[in-house]
Amino acid sequence: MNWSGQGRGGRRGYHHGNLREALVNAALELIASKGPAGFTFAEAARQAGVSAAAPYRHFRDRDALMADVAKRGFERFEASLAAAWDQGGPTPIAALERIGRAYLGFARDEPAYFSAMFEAGVPLNEHRELQEAGDRAFAVLRQACEAVVATLPAAGRPPALMMALHIWSLSHGIASLFARGDAARRTLPMTPEELLEAAALVYLQGLGLSDKSGDAR
């Protein structure tokens, strides 16, 4: 769901018991139009159609609201990556390639969530649930890399965590520059998926892995 087209018709009210959802939706709309640092707590309340004091019923401050938005984003992100992994079939490398495409697809389809997750500057040490949600999403990628690494001879296996960090960096860099669905996207003479596939292929071949079979060379 892309929130960039919502919230332009003026203030919106909320039903009793739905204030938290109204504030989260308002924050997503404001992130889409102003960026994760471009609005205040009071503006989020105004966007939701409530008083400036109302958000304090659910959130201690603006960081708490942004942490909730980012946590929800990571939960969606984890689900998307896990669906792409799909137990690693038909080969770990083929499944890892699907994870990469899912990463780019999430950045394109959910730019407000993507910005909240990675650009809001919420201190993780103060929001344990957010940190745990991010860790669970990363764990999907790490699991994939562990399966890929296991196809190599034991004596030549790189650390799975190192590989996961490398693939994450590749995917995130391309997603942030070329695959996001907002005005921050840069032009590219190929699709982001093609760029990531080529970069991952070079990386995996450097480790002695084929691009499709998942077998060690």
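Residues numbered from 1 in each chain as written. Predicted model: local features only at pLDDT ≥ 70, side-chain atom pairs only at ≥ 80, totals over all residues. Heavy atoms only, no water.

### Points about the overall build of the protein
A tally of regular secondary structure across the protein gives 8 helices and 0 strands. In sequence order, the protein lays out its α and β elements as α-α-α-α-α-α-α-α. With 217 residues in all, the protein has 47% of them scored as buried. For the protein, restricting intrachain contacts to residue pairs at least 6 apart in sequence, the fraction spanning at least 24 positions comes to 66%. Counting only carbon and sulfur atoms, one obtains 53% of the accessible surface of the protein, whose full area is about 10,600 Å². (Helix = DSSP H or I, 4+ residues; strand = E, 2+ residues; numbered from the N terminus. Buried < 20%, exposed > 50% of the residue type's maximum accessible area, 1.4 Å probe, protein only. Contact = heavy atoms within 4.5 Å. Areas by Shrake-Rupley, 256 points an atom, 1.4 Å probe, with all protein chains shown as cover.)

### Concerning the packing of aromatic side chains
Throughout the structure, instances matching the rule amount to 9 aromatic pairs. Consider the rings of Phe74 and Phe118, whose centres lie 5.4 Å apart with planes at 80°: the pair is edge-to-face. Linking Phe74 in helix H3 (residues 62-85) with Phe118 in helix H5 (residues 111-119), this pair joins segments that are 44 residues apart in sequence. Given a relative accessible area of 26%, Phe118 falls into the partly exposed group. Grouping aromatic residues by their ring pairs yields a cluster made of Phe74, Phe77, Tyr103, Phe106, Phe114 and Phe118. Directly above the aromatic system of Phe39 lies the positively charged group of Arg62, at a separation of 4.5 Å from the ring centroid. (Phe/Tyr/Trp six-rings, centres within 6.5 Å; stacked < 30°, edge-to-face > 60°. Lys NZ or Arg CZ within 6 Å of the ring centre and 35° of its normal.)

### A few points about H3
With 24 residues, H3 should reach 34 Å at 1.5 Å per residue; the first-to-last C-alpha distance of 34 Å fits that figure. Put simply, Asp61 is the residue that caps the front of H3, since its side-chain oxygen is 3.2 Å from the backbone nitrogen of Asp63. One or two steps after H3, the chain reaches Asp86, where phi turns positive at roughly 50°. (Expected span 1.5 Å × (residues − 1). Polar contact = N/O pair within 3.5 Å; in protein donor to acceptor, adjacent residues only side chain to side chain.)

### Some details on a nonpolar patch on the surface
Taken together, the side chains of Leu161, Leu165 and Trp168 make up a nonpolar region of the molecular surface, amounting to roughly 230 Å² of accessible area. With respect to the helices, strands and loops of the structure, Leu165 is situated in helix H7 (residues 160-179). Classification of Leu165 as partly exposed rests on a relative accessible area of 35%. (Patch = residues over 30% accessible without salt bridge, like charges linked within 9 Å, V, L, I, M, F, W, Y side chains within 5 Å. Salt bridge = Lys/Arg side-chain N within 4 Å of Asp/Glu carboxyl O.)

### A word on the nonpolar core
Counting residues in hydrophobic clusters, the biggest one holds 67 residues, and the most contacted among them are Leu65, Val69, Phe77, Leu96, Ile99, Leu141 and Met163. Residue assignment for this core shows that the elements contributing at least two residues are helix H1 (19-34), helix H2 (41-48), H3, helix H4 (92-109), H5, helix H6 (128-149), H7 and helix H8 (192-206). Looking at this core, the element that brings in the most residues is H3, giving 11 residues. (Core = buried A, V, L, I, M, F, W, Y, C linked by side-chain atoms within 4.5 Å.)

### So, empty space enclosed by the protein
Applying the stated rule across the entire model yields 1 cavity of 30 Å³ or more. Estimated volume of the largest cavity: approximately 40 Å³. If you go around the largest cavity, the residues you meet are Leu96, Ile99, Gly100, Tyr103, Leu141, Ile167, Trp168 and Ser171. With 4 residues, the single largest contributor to the lining of the largest cavity is H4. A class-by-class count of the residues in the lining of the largest cavity yields 6 nonpolar, 2 polar and no charged. (1 Å grid on protein atoms, 1.4 Å probe; cavity = no way out; pocket = protein on both sides within 12 Å on 5 of 7 lines; lining within 4 Å. Points joined across faces, edges and corners; volume = space filled by probe spheres on them. Nonpolar A, V, L, I, M, F, W, Y, C, P; charged D, E, K, R; others polar.)

### A look at unusual backbone geometry
A cis amide bond links Gly89 with the next residue in sequence, Pro90, at an omega value of -5°. Within the secondary structure, Pro90 sits in the loop between H3 and H4. Positioned with a positive phi, Asp86 is a non-glycine residue whose angle comes to about 50°. Residue classification places Asp86 among the exposed positions, given a relative accessible area of 51%. In this structure, Gln87 takes a positive phi of about 65° despite not being glycine. Position of Gln87 among the secondary structure elements: in the loop between H3 and H4.

### Describing the packing of H4 against H5
Any two packed helices are characterised by the angle at which their axes cross and by the distance between the axes. Put simply, H4 and H5 touch, their axes get as near as 5 Å, and they point 105° apart. Here H4 is positioned roughly perpendicular relative to H5, judged by the angle of their axes. Where H4 approaches H5, its residues Tyr103, Phe106, Ala107, Arg108 and Asp109 are matched on the opposing element by Pro111, Tyr113, Phe114, Met117 and Phe118. The residue inventory of the contact of H4 with H5, partitioned by class, reads 8 nonpolar, no polar and 2 charged. (Axes fitted to C-alpha atoms, helices over the stretch in contact; angles between N-to-C directions. Parallel < 35°, antiparallel > 145°, perpendicular 65-115°, else oblique.)

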